[in-house]
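Below, each chain spelled out in residue letters.
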Amino acid sequence: MSPRTSPVGRRPVTIRRAVARDAKRLTRLVRGSGAYAGMYASAVAGYRVGPDYIESHRTYVAVGADEHGDRILGFYALVLAPPELDLLFVADEAQGRGIGRLLVAHMRSEARAAGLDRVKVVSHLPAADFYHRVGAVRTGTALATPPAVPWDRPEFEFRIPPE
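Reference entry: report on the structure contained in this document. (Residues numbered from 1 in each chain as written. Predicted model: local features only at pLDDT ≥ 70, side-chain atom pairs only at ≥ 80, totals over all residues. Heavy atoms only, no water.)

### Details of the overall build of the chain
To keep things clear, this is the line we draw: Numbering of helices and strands starts at the N terminus; helices are DSSP runs of H or I of at least 4 residues and strands are runs of E of at least 2. The size measure is the radius of gyration over C-alpha atoms, and the globule rule it meets is 2.2 Å times the number of residues to the 0.38 power. When a residue's accessible area, from a 1.4 Å probe over protein chains only, is under 20% of the maximum for its type it is buried; when over 50% it is exposed; and in between it is partly exposed. Contacts are residue-level and defined by heavy atoms, with any inter-residue pair within 4.5 Å sufficient.
Of regular secondary structure, the chain possesses four helices and eight strands. Secondary structure elements of the chain occur, N-terminal to C-terminal, as β-β-α-α-β-β-β-α-β-α-β-β. On C-alpha atoms alone, the chain measures out to a radius of gyration of 15 Å, which is about the 15 Å that the 2.2 N^0.38 rule sets for 163 residues. The dimensions of the chain, computed from C-alpha atoms along their principal axes, are 40 × 40 × 30 Å. Scored against the burial criterion, the 163 residues of the chain give a buried share of 45%. Across the chain, contacts joining residues at least 24 apart in sequence account for 61% of those joining residues at least 6 apart.

### With respect to the packing of aromatic side chains
Aromatic ring pairs are defined here through the distance separating the ring centres and the angle between the ring planes. Condition: Here a Phe, Tyr or Trp ring, Trp counted by its six-membered ring, pairs with any other such ring whose centre lies within 6.5 Å, and the pair is stacked when the planes are under 30 degrees apart, edge-to-face when over 60, and tilted otherwise.
Enumeration over the complete set of coordinates arrives at seven aromatic pairs. Seen in terms of ring centroids, F75 and F89 are 5.9 Å apart; in terms of plane orientation they differ by 15 degrees. Their pairing is stacked. Highlighted residues: F75 in strand β4 (residues 69–80) and F89 in strand β5 (residues 83–90), separated in sequence by 14 residues. Note on F75: relative accessible area 0%, which makes it buried.

### Overview of the nonpolar core
Our working definition: By nonpolar core we mean a set of buried residues, namely Ala, Val, Leu, Ile, Met, Phe, Trp, Tyr and Cys, connected to one another through side-chain atoms within 4.5 Å.
Within the largest apolar cluster, 49 residues are counted, with the highest numbers of intra-cluster contacts made by F75, L85, M107, V119, Y131 and F158. Contact partners of V119, with chain neighbours within four places excluded, come to L78, P83, E84, L85, M107, A111, F156, E157, F158 and I160.

### Concerning unusual backbone geometry
At the junction of A81 and P82, the peptide bond is cis and its omega measures out at -10 degrees in the coordinates. Of note, P82 is situated in the loop between β4 and β5.

Honestly, that's just the spatial picture; any functional story needs more than this.
In structure tokens:
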């Protein structure tokens, strides 16, 4: 799919395929996420989104123009086999502007184009309401995997209808 531009807030947001040079910025976005502060910090401590990850997954970034050029506002990574939304992050300062909803819509379009009929999501606890609001259906619970993730997490599924 080609990059798409959508108005979100006052400035347009473009979704484009991530490239290797985005890796450090995506890693900083994950590690700096306020949703993973406190008791959740262990889940992202040391986490790295490397160029190899970007090249082996369908990874897309939402970028917005600012005075310093393109700023990454969020990103997602779609795994095709088995179908799973592996990562979805929106920068703390960009939350509440529709970026997450825009990324999910793009992911659904990519999944449809890849011939998928559903995409699994293992949600971070604070993100569960978001996934429900954007159309994911709760399907179960992923059990804790200590020491990195010592808590159970809700599992969701996006159903991808054909066009």
